[in-house]
Structure formats: C-alpha cells, structure tokens
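# Understanding the architecture of this molecule
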Amino acid sequence: MERARNVLRERPCGKVVSDPLLIMDALDTATHCSTCRSSAFLDISTFIGEHFSVEVEKAVDTVDLDIPFSVPS
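These notes cover the structure that comes with them. (Residues numbered from 1 in each chain as written. Predicted model: local features only at pLDDT ≥ 70, side-chain atom pairs only at ≥ 80, totals over all residues. Heavy atoms only, no water.)

## Digging into the packing of helix α2 (residues 20–31) against helix α3 (residues 40–61)
In the contact formed by α2 and α3, the axes pass within 10 Å of each other and the chain directions differ by 145 degrees. Seen from above, α2 lies across α3 with right-handed handedness. Residues Ile23, Ala26, Leu27 and Ala30 of α2 form the contact with α3, whose own contacting residues are Ala40, Phe41, Ile44 and Ile48. For the contact of α2 with α3, a count of residues per class yields eight nonpolar, no polar and no charged. (Axes fitted to C-alpha atoms, helices over the stretch in contact; angles between N-to-C directions. Helix = DSSP H or I, 4+ residues; strand = E, 2+ residues; numbered from the N terminus. Left-handed = near helix turned anticlockwise from the far one by under 90°. Contact = heavy atoms within 4.5 Å. Nonpolar A, V, L, I, M, F, W, Y, C, P; charged D, E, K, R; others polar.)

## Looking at α2
Compared with an ideal rise of 1.5 Å per residue, which puts 12 residues at 16 Å, α2 spans 16 Å between its outermost C-alpha atoms and is within 8% of the ideal. Considering only its buried residues, α2 is in contact with α1 (2–10) and α3. For α2, the N-terminal capping position is held by Asp19, with its side-chain oxygen 2.8 Å away from the main-chain nitrogen of Leu21. (Expected span 1.5 Å × (residues − 1). Polar contact = N/O pair within 3.5 Å; in protein donor to acceptor, adjacent residues only side chain to side chain.)

## Examining the nonpolar core
Residues Ala4, Leu8, Val16, Val17, Leu22, Ile23, Ile44, Ile48, Phe52 and Val56 constitute the largest nonpolar core, which totals 10 residues. Looking at this core, the elements with two or more residues in it are α1, α2 and α3. In terms of residues, this core owes the most to one element, α3, which gives four residues. Here Leu22 is in contact with Arg3, Ala4, Val7, Val16 and Val17, once residues within four sequence places are set aside. (Core = buried A, V, L, I, M, F, W, Y, C linked by side-chain atoms within 4.5 Å. Buried < 20%, exposed > 50% of the residue type's maximum accessible area, 1.4 Å probe, protein only.)

## What about the layout of surface pockets?
Looking at the largest pocket, its volume works out to about 260 Å³. Forming the boundary of the largest pocket are 13 residues, of which Met1, Ala4, Leu22, Ile23 and Ala26 lie nearest the centre. Elements that contribute at least two residues to the lining of the largest pocket include exactly α1, α2 and α3. Of the residues belonging to the lining of the largest pocket, the class tally is 10 nonpolar, no polar and three charged. (1 Å grid on protein atoms, 1.4 Å probe; cavity = no way out; pocket = protein on both sides within 12 Å on 5 of 7 lines; lining within 4 Å. Points joined across faces, edges and corners; volume = space filled by probe spheres on them.)

## Some details on a nonpolar patch on the surface
Taken together, the side chains of Val63, Leu65, Ile67 and Phe69 make up a nonpolar region of the molecular surface, amounting to roughly 490 Å² of accessible area. Counting through the fold element by element, Phe69 comes out in the segment after α3. On the accessibility criterion, Phe69 (75% relative accessible area) is exposed. (Patch = residues over 30% accessible without salt bridge, like charges linked within 9 Å, V, L, I, M, F, W, Y side chains within 5 Å. Areas by Shrake-Rupley, 256 points an atom, 1.4 Å probe, with all protein chains shown as cover. Salt bridge = Lys/Arg side-chain N within 4 Å of Asp/Glu carboxyl O.)

## A word on the packing of α1 against α2
As a packed pair, α1 and α2 sit with axes 9 Å apart at the nearest point and diverge in direction by 165 degrees. Classed by the angle they form, the pair α1 and α2 counts as roughly antiparallel. Our pair here, α1 against α2, has a crossing hand that is left-handed. Residues Arg3, Ala4 and Val7 of α1 form the contact with α2, whose own contacting residues are Leu21, Leu22 and Asp25. (Parallel < 35°, antiparallel > 145°, perpendicular 65-115°, else oblique.)

By themselves, these figures tell us nothing about what the structure is for.
Shown next, in the form of structure tokens:
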C-alpha cells in the first residue's frame, strides 16, 4: 500500500494501482502464507479491480480544478 500511495502521488489515477509491479510485492508476501497462497492472486486482483481502483477514481473525481482556459484569437 505504501508503494501504491507513492505512485498515486505522482499519477493520481485508478489504473496506476493495477500495475503488476505494485501487485508483485503483495503476491510475493502472500506466497509465504499457506492459508493465503492458493487464493492470493484472485483475491488481490478482485480487490484492486473492484474496490481499490474504483475508490481511487472516486477520490480523484472529487478534486475541483480551477484552471482558466483562454481561446487564442
């Protein structure tokens, strides 16, 4: 989660959290647990795809940007 937070600071986008390099650490940790090992990939994928990235997008959508645009003459 710390790596995801750091990446999201640079690129606030839901797709960022589904980067395989971010997921790799969690999967590596889960492979050392006999209980988690068998379902880790599916569980992590579901969490990221259906929850985490959705919540990131919701949070990003609440940011109000006040950027003035001018049309060239």
